[in-house]
Amino acid sequence: STTFLRSFQHILGVPFVDVVVTMFDSTIPLTNAEWEEWGNPNEEKFFQYMLSYSPINNIQEGVKYPACLLNGGLHDPRVQYWEPAKFAAELRYRQHKESGPVCVKIDMTAGHFSASDRYKYLKELAFDYAFLLSQFERSA
């Protein structure tokens, strides 16, 4: 459910937000292996259960959501770069007009764990903090 999105500014790092579509795609590494733990969405009971908690499928029309920054990596084999982009588009479309901004940052050189060197990591952390601080100013 997306109830966690209602009261704070959020940074979602490589968010797994399109659960059902991702779990249907057996070409994504690890997906078939995850069916044992998560269930196979080709079976109705697992499909319905996944829909019940998949964030993108639970965005509510007209709800005032807070500011969100969604981070992803172009070369991430686990959470594909289009997941944060697709989630942002859906959230922008459905949210109340007075909701916080929905921003997406895709690192064109990163994989799942993003920056591996300390200076790039610190630069990314500073970007995230700057986003959060900018929202305090916005809400004041």
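Residues numbered from 1 in each chain as written. Predicted model: local features only at pLDDT ≥ 70, side-chain atom pairs only at ≥ 80, totals over all residues. Heavy atoms only, no water.

Asker: Sorry, what's going on with the nonpolar core here?
Answerer: Soluble globular proteins tend to bury their nonpolar side chains together. Leu12, Val17, Ile56, Ile59, Val63, Tyr65, Cys68, Leu70, Phe87, Ala88, Leu91 and Val102 together form the largest nonpolar core, which totals 12 residues. Elements supplying a minimum of two residues to this core: strand E2 (68-73) and helix H4 (82-94). In terms of residue count, the dominant contributor to this core is H4 (3 residues). Ignoring anything within four residues of it in the chain, the contact list for Ala88 reads Leu70, Val102 and Val104. (Core = buried A, V, L, I, M, F, W, Y, C linked by side-chain atoms within 4.5 Å. Buried < 20%, exposed > 50% of the residue type's maximum accessible area, 1.4 Å probe, protein only. Helix = DSSP H or I, 4+ residues; strand = E, 2+ residues; numbered from the N terminus. Contact = heavy atoms within 4.5 Å.)

Asker: Could you clarify how one ought to interpret the sheet that holds E2 in this entry?
Answerer: The pairing of strands in a sheet happens through backbone hydrogen bonds and is either parallel or antiparallel. Taking strand neighbours across the sheet as the criterion, the 3 strands line up as E1-E2-E3 in an open arrangement whose pairing is parallel. In this open sheet, the two edge strands, each paired with only one partner strand, are strand E1 (10-13) and strand E3 (102-107). Taking each pair of neighbouring strands and ignoring which way they run, the sheet shows an average axis angle of 15°. Bridge count between E1 and E2: 4 bridges; the pairing is parallel. By the bridge assignment for E2, Ile11 is matched with Leu69. Lying over the sheet, H4 contacts E2 and E3, oriented at roughly 170° with respect to E3. (Pairing = 2+ DSSP bridges. Axes fitted to C-alpha atoms, helices over the stretch in contact; angles between N-to-C directions.)

Asker: Quick question: what am I supposed to make of the pairing of E2 here?
Answerer: Regular strands have side chains that alternate between both faces of the sheet. Along E2, 6 of the 6 residues are buried, which leaves the element largely enclosed by surrounding structure. Going residue by residue along E2, you find Cys68, Leu70 and Gly72 tucked away on one face and Leu69, Asn71 and Gly73 tucked away on the opposite face as well. The sheet contact formed by E2 and E3 spans 6 bridges and is parallel. In the sheet register, Gly72 faces E3, and the bridge partner there is Ile106. The handedness of the E2 to E3 crossover, carried by H4, is right-handed. (Right-handed = clockwise from strand over helix to strand, strands pointing away.)

Asker: Help me understand unusual backbone geometry, please; the structure alone is not making it clear to me.
Answerer: Peptide bonds are, in most cases, trans, and in most cases residues other than glycine have a negative phi. The phi dihedral of Val14 is positive, around 35°, even though this residue is not glycine. For Val14, the position within the fold is in the loop between E1 and helix H1 (19-24). For Val14, a relative accessible area of 22% puts it in the partly exposed group.

Asker: Honestly, the packing of aromatic side chains in this entry has me stumped. Any pointers?
Answerer: Two numbers describe a pair of aromatic rings. These are the distance of the centres and the angle of the planes. This model, assessed by the stated rule, comprises 5 aromatic pairs. Considering the side-chain rings of Phe24 and Phe47, the 5.9 Å spacing of their centres and the 50° angle between planes classify their relative orientation as tilted. Placement of the pair is Phe24 in helix H1 and Phe47 in helix H3 (residues 44-53), with a sequence separation of 23 residues. Ring geometry for Tyr81 versus Trp82: centroids 5.2 Å apart, planes at 75°, classification edge-to-face. For Tyr81, a relative accessible area of 35% puts it in the partly exposed group. By relative accessible area, which is 39% here, Trp82 ends up partly exposed. Taken together, the aromatic side chains of Phe16, Trp38, Tyr49 and Tyr53 make up a single cluster linked through ring pairs. Stacked on the ring of Phe127, the Lys or Arg Lys105 has its end atom at 4.4 Å from the ring centre. (Phe/Tyr/Trp six-rings, centres within 6.5 Å; stacked < 30°, edge-to-face > 60°. Lys NZ or Arg CZ within 6 Å of the ring centre and 35° of its normal.)

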